[in-house]
Each structure stands twice: as C-alpha cells, then as structure tokens.
Amino acid sequence: MTKLTSTPAGAVLVAIDMSKNRQEVLIERPEGGRRRRMTVMATKEDYGGFVEQLAAIGRPIIVGFEATGNYHRTLAHRLLTAGFELRLISSVALARTREALHNGWDKNDPKDAQVILHMLRIGATQRYVDPLAAGINDLQELSKTHETISRMKTQTWHRILTHYLPLYFPEIARFAGNSRSDWFLALIERFPTPATITALDREAFSAAAWPLIGRKVSKARLINDIYETAFASTALPVPEDSAAVTMFRMVIAQGRSLIHQRDEIERLAHARLADDVDYQLLRNIPGIGPINALTILAEAGDLRRFNHHRQFLKFCGLDLATCQSGTFRGRTRLSKYGNARLRRTFWMAAQVAARQRDNSFRDKLGRYIAGHADDADRRRKAMTALTAKMARVAHAVIKTGTEYRPFLERSDARWKDPSLQVP
C-alpha cells in the first residue's frame with residue numbers, strides 16, 4: 001500500500017524509529033542545514049516535552065514512523081491529537097530502501113530514522129489511521145480478542161478429542177457434534193469416564209444427564225445410547241479421584257470457559273453494532289455473519305475512504321501481481337501485501353456463501369468450475385475469484401448505501417453461450 005504522496009515543500013519532516021522504551025527522532029527543516037537528532041523515552045514527561053518542542057517550531061510538520069507492534073500507538077495518538085500530520089512507513093518498503101541506500105542488510109535505530117526521513121522526503125508513505133480517533137478501537141479489541149479466544153478454544157477442543165477421550169472414554173467422541181455447543185463438555189465434565197456412568201442405574205443417570213444435555217431431538221434415546229456406550233467402552237480403568245481425571249476435568253472447564261467468553265464477546269459485538277448501518281448492510285451479504293462483519297469494520301474502518309474497489313482490494317492484498325522481466329513473464333497471483341485478517345475473513349465468507357443456495361456467489365462458482373468439478377486447482381482459483389468478489393461487494397454496498405441484491409449480474413454479463421448468439 002506504499003505509494004507516492006505529495007509532501008508540502010515548506011513542511012518540517014520528523015522521522016521516528018519507534019521501539020518499546022525509546023524513540024530515535026530525526027528532524028529536518030525544508031531550508032536544509034544540519035538535521036536535529038534526539039532521543040525520546042517512553043514516558044509521559046518525554047512525550048509531552050517532545051510535542052511541545054514540535055509545536056514551538058511554528059511550521060507545518062509531517063511525522064513519519066514505522067508501525068512497531070503496538071508500541072507506536074500511544075505516541076502516534078499524542079501527536080495526532082496535537083494536530084500534526086502522520087504518515088506510516090511500510091516495514092517491507094523500509095527494509096528494501098535501507099538495503100538500497102546503505103548497500104547492506106544490517107540495521108540500527110539511527111539508520112532506520114535516516115531511511116524513514118528519506119522516504120518522507122520522496123513521499124513513499126501511507127496515510128496513518130489512528131483506531132481511537134477513527135472510532136474503531138473497541139471494534140478491533142472485540143475482533144482480535146474473539147479470534148484469540150476462538151483459537152484457544154479450538155486448541156482445547158482438539159486436545160480433548162485427540163488426547164483425553166482416546167484414553168479415558170474413546171467411544172463417547174461420536175456424540176461430540178459441534179464444538180460451539182456446551183452440552184457435550186458439560187456432560188463429560190460430570191461423567192469423565194465410563195465408570196462414573198456405569199456406577200449409576202439407568203434412571204439415575206438419565207435424571208443427572210437430562211439437564212446437562214439441554215434441548216435435543218430424541219433426547220431420551222440419546223441419553224440411553226450414551227448409557228449403553230459406557231458399558232461397552234474400552235477406556236483405561238482410572239479412578240474418578242485420580243490426578244489424571246482431575247487434569248481432564250480442568251481442561252474441560254477451560255474449554256467451557258472459553259466458549260462462554262466467546263459467546264459474551266459475540267453478544268457485546270452485536271449490541272455495539274446492532275444500530276450501525278454498515279454492519280446491517282454487511283450482514284445482508286451471503287456468507288458474512290456477525291463476526292465476519294465485525295472483523296471487516298474493525299480492520300478496514302470506514303470503507304468509503306477507498307474511492308475505488310481496486311484500492312480496497314489492494315488494501316486486503318487481493319490484487320493481482322505478475323513478475324515480468326524481458327521476455328519472461330511469471331504466473332499472475334495474489335500479491336498478499338495487504339491486511340491478512342481481512343483477506344482471511346473474505347475467504348471464509350466466500351466458502352460459506354458458496355455452500356448456500358440461491359446467491360450470485362454460488363452461481364459464479366458453478367460457472368467457473370462447470371465441466372471441471374474434480375479439478376482441485378481450478379476450484380481453488382475459483383474460490384480466490386469469489387473472495388475478491390466478496391470484497392468488491394462489501395465495498396460497494398457500504399459506499400453506495402444499498403443492500404445486497406442477489407443475481408444483480410445478468411447471466412450473460414461476462415460469458416455467453418455461443419449456441420445462443422444471433423448470427
């Protein structure tokens with residue numbers, strides 16, 4: 001996303017190499033002369049003094065820096081609040097420029113500040129969007145925390161299925177079902193081994209398991225099936241009060257806690273965005289549910305800032321790139337130089353939409369793979385095209401403020417059957 005942006009001729013350029021505890025600063029005035037070098041520690045006093053010194057210059061100031069984890073966020077917000085213009089430097093562009101300027105791969109903080117200043121001077125920068133100022137900080141925290149908890153929940157779920165159940169109750173794994181449901185974990189937390197079930201008679205087990213399973217079709221038959229399964233189990237004969245079963249129950253409790261936390265985040269996200277027009281527009285697109293819509297808004301912010309859908313595709317890393325030199329022309333593929341979380345979100349949304357009925361995404365997939373249903377490579381390329389289409393549709397519905405309309409594209413818009421053409 002790095003591109004040439006105009007730099008005012010009379011502006012003072014400030015290059016900052018961000019780090020956790022200290023920032024190396026290089027200041028260059030437009031009239032030339034010796035550049036000023038200073039070190040700013042990550043303290044409230046130093047940040048305040050630095051802002052005052054920049055304000056005392058009394059001229060337009062452009063501040064450039066490289067994003068460094070989250071360490072840059074506090075100083076960047078302080079500078080933005082003070083009214084300075086901020087420019088973001090791409091880490092990849094910075095590394096390539098540093099190697100070109102210094103003919104080597106070694107780096108240090110003062111050298112990085114010099115390279116950032118050079119990129120500011122030539123305008124090879126991006127516009128910095130502060131999440132707190134843009135009003136998407138809460139959405140980002142909800143989205144990223146949901147992703148973290150979902151990943152932890154999946155790891156815990158797989159640990160239960162692949163380690164604990166094969167040892168202590170292998171046959172009950174066939175009842176596991178959907179990992180989003182809590183009833184299965186509640187059941188095996190209460191009955192972690194077959195012996196804890198067979199110690200009860202059928203009526204006592206049914207009475208204990210009934211409130212745990214919740215609402216199920218043929219609930220009585222399910223409970224009876226689980227009871228019969230316990231008597232035919234090949235599990236290790238470990239006592240209920242053993243340390244192994246205690247660890248098993250501890251992991252189950254962790255999994256249940258993560259499910260509850262994830263559900264609470266989804267509730268908070270929906271309550272936060274229920275009245276948001278952009279959220280409602282995204283939810284009408286096939287494949288985009290509450291969490292996908294949350295991630296799109298959290299990572300992209302206001303999609304109206306992208307004047308054309310190609311700019312948004314490039315921001316997502318869904319633009320096409322080709323390596324070409326002389327007579328050689330490489331394969332055209334996705335650049336993947338954009339936001340990876342957005343790209344993954346649109347890919348997942350496209351997968352869901354392709355499995356739903358009566359929408360233009362499924363129709364387009366069918367046209368792409370017609371006659372090549374067993375070609376995995378062609379299907380992968382088709383899903384990539386659907387992912388880019390999903391991003392284009394998301395940008396279009398928000399920019400125009402209109403709801404998604406299925407099959408707006410005519411079937412003959414891009415492909416025509418030769419047999420139907422009029423001579």
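The structure presented is a predicted model; accordingly, all values stated were derived computationally and were not measured.

Definitions and limits used
- Residues numbered from 1 in each chain as written.
- Predicted model: local features only at pLDDT ≥ 70, side-chain atom pairs only at ≥ 80, totals over all residues.
- Heavy atoms only, no water.
- UniProt positions renumbered as here; feature names shortened; annotations may be inferred.
- Helix = DSSP H or I, 4+ residues; strand = E, 2+ residues; numbered from the N terminus.
- Salt bridge = Lys/Arg side-chain N within 4 Å of Asp/Glu carboxyl O.
- Phe/Tyr/Trp six-rings, centres within 6.5 Å; stacked < 30°, edge-to-face > 60°.
- Buried < 20%, exposed > 50% of the residue type's maximum accessible area, 1.4 Å probe, protein only.
- Axes fitted to C-alpha atoms, helices over the stretch in contact; angles between N-to-C directions.
- Parallel < 35°, antiparallel > 145°, perpendicular 65-115°, else oblique.
- Left-handed = near helix turned anticlockwise from the far one by under 90°.
- Contact = heavy atoms within 4.5 Å.
- Nonpolar A, V, L, I, M, F, W, Y, C, P; charged D, E, K, R; others polar.
- Domains from an automatic or database assignment.
- Lys, Arg positive; Asp, Glu negative; His and termini not counted.
- Polar contact = N/O pair within 3.5 Å; in protein donor to acceptor, adjacent residues only side chain to side chain.
- Core = buried A, V, L, I, M, F, W, Y, C linked by side-chain atoms within 4.5 Å.

Brief notes about the UniProt feature "domain: Transposase IS116/IS110/IS902 C-terminal" (unreviewed entry) in the protein chain
- The sites that UniProt annotates as "domain: Transposase IS116/IS110/IS902 C-terminal" (unreviewed entry) are residues 280–363.
- Between the C-alpha atoms that bound residues 280–363 the distance is 24 Å, and the span itself is 51% helix and 10% strand.

Section: the pattern of salt bridges
- This model, assessed by the stated rule, comprises 22 salt bridges.
- Between arginine 341 and glutamate 147 there is a salt bridge, with the nearest N and O atoms lying 2.6 Å from each other. Taken together, the positions of arginine 341 in helix α15 (residues 340–355) and glutamate 147 in helix α6 (residues 137–168) put the pair 194 residues apart, joining distant regions of the chain.
- One salt bridge connects arginine 202 with glutamate 228, and the closest N-O pair in it is separated by 2.7 Å. Residue arginine 202 is found in helix α9 (residues 202–213), and its partner glutamate 228 is found in helix α10 (residues 219–231); the two are separated by 26 residues along the sequence.
- Where salt bridges share partners, they join Glu147, Arg151, Glu299, Arg341 and Arg344 into one cluster.

Some thoughts on the packing of aromatic side chains
- In the structure shown here, the tally under the stated rule is 12 aromatic pairs.
- Ring centres of tryptophan 183 and phenylalanine 184 lie 6.0 Å apart, and the angle between their planes is 85°; on these two criteria the pair is classed as edge-to-face.
- For tryptophan 183, a relative accessible area of 11% gives the class buried.
- Between phenylalanine 361 and tyrosine 404 the ring centres are 6.0 Å apart and the planes differ by 20°, which places this aromatic pair in the stacked class. Highlighted residues: phenylalanine 361 in helix α16 (residues 360–368) and tyrosine 404 in the segment after α17 (376–400), separated in sequence by 43 residues.
- A relative accessible area of 13% means that tyrosine 404 is categorised as buried.
- Three or more aromatic residues link up through ring pairs in this structure, and these residues are Phe191, Phe205, Tyr227 and Phe231.

Describing the environment of arginine 367
- Mapped onto the elements of the fold, arginine 367 is located in helix α16.
- A relative accessible area of 33% means that arginine 367 is categorised as partly exposed.
- Expressed as a C-alpha distance, the spacing of arginine 367 and alanine 382, which sit 15 residues apart in the sequence, is 9.3 Å.

Structural notes on the packing of α6 against helix α13 (residues 290–300)
- One way to put it is that α6 packs onto α13 with a least axis distance of 8 Å and a crossing angle of 130°. Of the possible angle classes, the one that applies to α6 and α13 is oblique. Both α6 and α13 take part in a crossing whose hand is left-handed. Where α6 approaches α13, its residues Leu139, Gln140, Leu142, Ser143, Lys144 and His146 are matched on the opposing element by Ile291, Leu294, Thr295, Leu297, Ala298 and Glu299.
- Partitioning the contact of α6 with α13 into residue classes produces 6 nonpolar, 4 polar and 2 charged.

With respect to the domain arrangement of the protein chain
- Segmentation of the protein chain into domains returns domain 1 (12–130), domain 2 (140–269) and domain 3 (277–323 + 330–400).
- For domain 1 and domain 3, the distance between their C-alpha centres works out to 35 Å.

So, the side chain of aspartate 319
- Note on placement: aspartate 319 falls in the loop between α14 (309–316) and β8 (320–321).
- For the buried aspartate 319, no salt bridge is present, and the opposite-charge side chain at shortest range is lysine 314, 5.4 Å distant.
- Of note is the side chain of aspartate 319, whose polar atom sits 2.5 Å from the side chain of serine 335.
- Excluding residues that lie within four positions of it along the chain, aspartate 319 makes contacts with Leu313, Lys314, Arg333, Leu334 and Ser335.

Observations concerning the nonpolar core
- In this structure, Leu282, Ile285, Phe312, Phe346 and Met390 are the most contacted members of the largest nonpolar core, which totals 46 residues.
- Taken together, the elements giving at least two residues each to this core come down to α6, α11 (243–273), α12 (277–283), α13, α14, α15, α16 and α17.
- Of all the elements, α17 adds the most residues to this core, at 10 residues.
- When residues of this core are assigned to domains, at least three map to each of domain 2 (140–269) and domain 3 (277–323 + 330–400).
- Look past the residues within four positions of isoleucine 285 in its chain and what remains in contact with it is Phe361, Met390, Val393, Ala394, Val397 and Tyr404.

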